[in-house]
Amino acid sequence: MKKLFKKTLKLILPIVLGGFILFWVYRDFDFAEAGDVLKHGTNWWWMLFSLLFGIFAQVFRGWRWRQTLEPLDAFPKRRDCVNAIFVSYAASLVVPRIGEVSRCGILAKYDDVSFAKSLGTVVTERLVDTLTILLITGITVLLQMPIFVTFLQQTGTKIPSMMHLLTSVWFYIVLFCFIGVAMLLYYLRKTLFFYERVKGFVLNIWEGIMSLRGVRNIPLFIFYTLAIWACYFFHFYFTFYCFAFTEHLGMMAALVMFVGGTFAVIVPTPNGAGPWHFAVISMMMLYGVNVTNAGIFALIVHGIQTFLVVLLGIYGLAALPFTNRQRK
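Residues numbered from 1 in each chain as written. Predicted model: local features only at pLDDT ≥ 70, side-chain atom pairs only at ≥ 80, totals over all residues. Heavy atoms only, no water.

**Things to note about the overall build of the chain**
Consideration 1: Secondary structure assignment for the chain yields 14 helices and zero strands.
Consideration 2: In the chain, the proportion of contacts linking residues at least 24 apart, taken out of those at least 6 apart, comes to 75%.
Consideration 3: Surface summary for the chain: the accessible area is close to 17,300 Å², and the carbon and sulfur share equals 72%. (Helix = DSSP H or I, 4+ residues; strand = E, 2+ residues; numbered from the N terminus. Contact = heavy atoms within 4.5 Å. Areas by Shrake-Rupley, 256 points an atom, 1.4 Å probe, with all protein chains shown as cover.)

**Here's the deal with the packing of aromatic side chains**
Consideration 1: Counted by the stated rule, this structure contains 33 aromatic pairs.
Consideration 2: Between phenylalanine 236 and phenylalanine 240, the ring centres sit 5.3 Å apart and the planes meet at 70°, which makes this aromatic pair edge-to-face.
Consideration 3: Judged by relative accessible area, which is 5%, phenylalanine 236 ranks as buried.
Consideration 4: Geometry around tryptophan 63 places arginine 78 over its ring, the cationic atom sitting 5.5 Å from the centre. (Phe/Tyr/Trp six-rings, centres within 6.5 Å; stacked < 30°, edge-to-face > 60°. Buried < 20%, exposed > 50% of the residue type's maximum accessible area, 1.4 Å probe, protein only. Lys NZ or Arg CZ within 6 Å of the ring centre and 35° of its normal.)

**Topic: unusual backbone geometry**
Comment: phi is negative for the bulk of residues other than glycine, and the bulk of peptide bonds are trans.
Consideration 1: Phi is positive for aspartate 73, close to 60°, though the residue is something other than glycine.
Consideration 2: You can see aspartate 73 is positioned in the loop between helix H3 (44-69) and helix H4 (78-94).
Consideration 3: In this structure, aspartate 112 is a non-glycine residue whose phi angle is positive, near 55°.
Consideration 4: Classification of aspartate 112 as exposed rests on a relative accessible area of 59%.

**Thoughts on the pattern of salt bridges**
Consideration 1: Considering all chains together, one arrives at nine salt bridges under this definition.
Consideration 2: Across the pair glutamate 125 and arginine 64 runs a salt bridge, and its minimum N-O distance is 3.3 Å. Linking glutamate 125 in helix H6 (residues 115-143) with arginine 64 in helix H3, this pair joins segments that are 61 residues apart in sequence.
Consideration 3: With a closest N to O distance of 3.3 Å, aspartate 80 and lysine 77 form a salt bridge. (Salt bridge = Lys/Arg side-chain N within 4 Å of Asp/Glu carboxyl O.)

**Structural notes on the side chain of threonine 239**
Consideration 1: Residue position: threonine 239 is located in the loop between helix H11 (218-237) and helix H12 (251-264).
Consideration 2: In terms of polar contacts, threonine 239 uses its side chain to reach the backbone carbonyl oxygen of phenylalanine 236, at 2.4 Å.
Consideration 3: Among all residues touching threonine 239, those that are not within four sequence positions of it are Met47, Ser50, Thr246, Phe297, Val301 and Gln305. (Polar contact = N/O pair within 3.5 Å; in protein donor to acceptor, adjacent residues only side chain to side chain.)

**Focus on the UniProt feature "transmembrane region" (unreviewed entry) in the chain**
Consideration 1: Per the UniProt record, the feature "transmembrane region" (unreviewed entry) sits at residues 9-26, 46-63, 127-149, 169-188, 218-237, 249-267, 279-300 and 306-323.
Consideration 2: Taken end to end, residues 46-63 is 100% helix and 0% strand, and its first and last C-alpha atoms sit 26 Å apart.
Consideration 3: Across residues 218-237, helical content stands at 100% and strand content at 0%; the span's end C-alpha atoms are separated by 28 Å. (UniProt positions renumbered as here; feature names shortened; annotations may be inferred.)

**Some thoughts on a nonpolar patch on the surface**
Consideration 1: Together, Leu135, Ile139, Leu143, Met251 and Met252 make up a nonpolar patch on the protein surface, roughly 450 Å² of accessible area in all.
Consideration 2: When contributions to the nonpolar patch are tallied by element, the ones reaching two or more residues are H6 and H12.
Consideration 3: Looking at the nonpolar patch element by element, the count peaks at three residues for H6.
Consideration 4: Secondary-structure assignment places methionine 252 in helix H12. (Patch = residues over 30% accessible without salt bridge, like charges linked within 9 Å, V, L, I, M, F, W, Y side chains within 5 Å.)

**Examining the packing of H3 against H6**
For any two helices packed against each other, the geometry comes down to the angle between their axes and how far apart the axes lie.
Consideration 1: One can describe the packing of H3 onto H6 by two numbers: an axis separation of 10 Å at closest approach and a directional angle of 120°. By the criterion of interaxial angle, the relationship of H3 to H6 is oblique. Pair H3 / H6 crosses with right-handed handedness. On H6, the residues touching Arg61, Arg64, Trp65, Thr68 and Leu69 of H3 are Ser118, Thr121, Val122, Glu125, Arg126, Val128 and Asp129.
Consideration 2: Of the residues in the contact of H3 with H6, the class split is four nonpolar, three polar and five charged. (Axes fitted to C-alpha atoms, helices over the stretch in contact; angles between N-to-C directions. Parallel < 35°, antiparallel > 145°, perpendicular 65-115°, else oblique. Left-handed = near helix turned anticlockwise from the far one by under 90°. Nonpolar A, V, L, I, M, F, W, Y, C, P; charged D, E, K, R; others polar.)

This is the structure we're talking about:
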């Protein structure tokens, strides 16, 4: 009974959290106006173009994952790795982070890859991605420092008054980012600690983590990593051209919002729903977009990108048995 309660809580809590944040962000929002923009004010050619990068990001992730498995003498089919990634992203919409386990289970089923070892490579991937986004964040802050300083000067936010600090949007954005990083580190630690308690898993996981040392083509691994994050960025950036009120925003503005949104999705809600909207809307307002248009942008873009994740997940589930039918 206790285990059932914990599982139910784990399933419901992220949905409730995301729903509460969405309700708070959109509590006074005119959804009719958002519907009108969706029907008549969206450039769907740019939207479709942006979605291609969302697909490529997952494809590159599947290919990179296969690279980390090769040193473990595991050679799953390339398409199985990609389809497993498709399914994992969709699964995480239901239960946050469950996708990391589900993709390992898929390769264990269809390619006889050790579940524990593949899980170790997933941990390695997460560490690599964490370092990558921290590097991107550092570069973004350096490149956009004048904007940060200008904003602080215009709002009168100085070290002096705690009231000024607490009423500054940037205070909450920075706090939000720090919370996101802390949650990620806690999640990685918790993941390792949990599986260390299961006898026989820890050595296999460690072997999976250390697989990075045996990657045969490091330049290709670096290329895949850069390609993944470049695709994530363009997946977001090109949506600016879908709307008249965001098409003037430049690449630097997109980079700032991309970093904020990336940290936001660390919060365990389905596809970052709620935290992502809050982060993007808050930052978009700093670049002159009014709160209504920023809310419309976040609502439509997140909704369509989430729909893409669902479609790819369905495709992956359907394709896996079909492409592996010869094993039956």
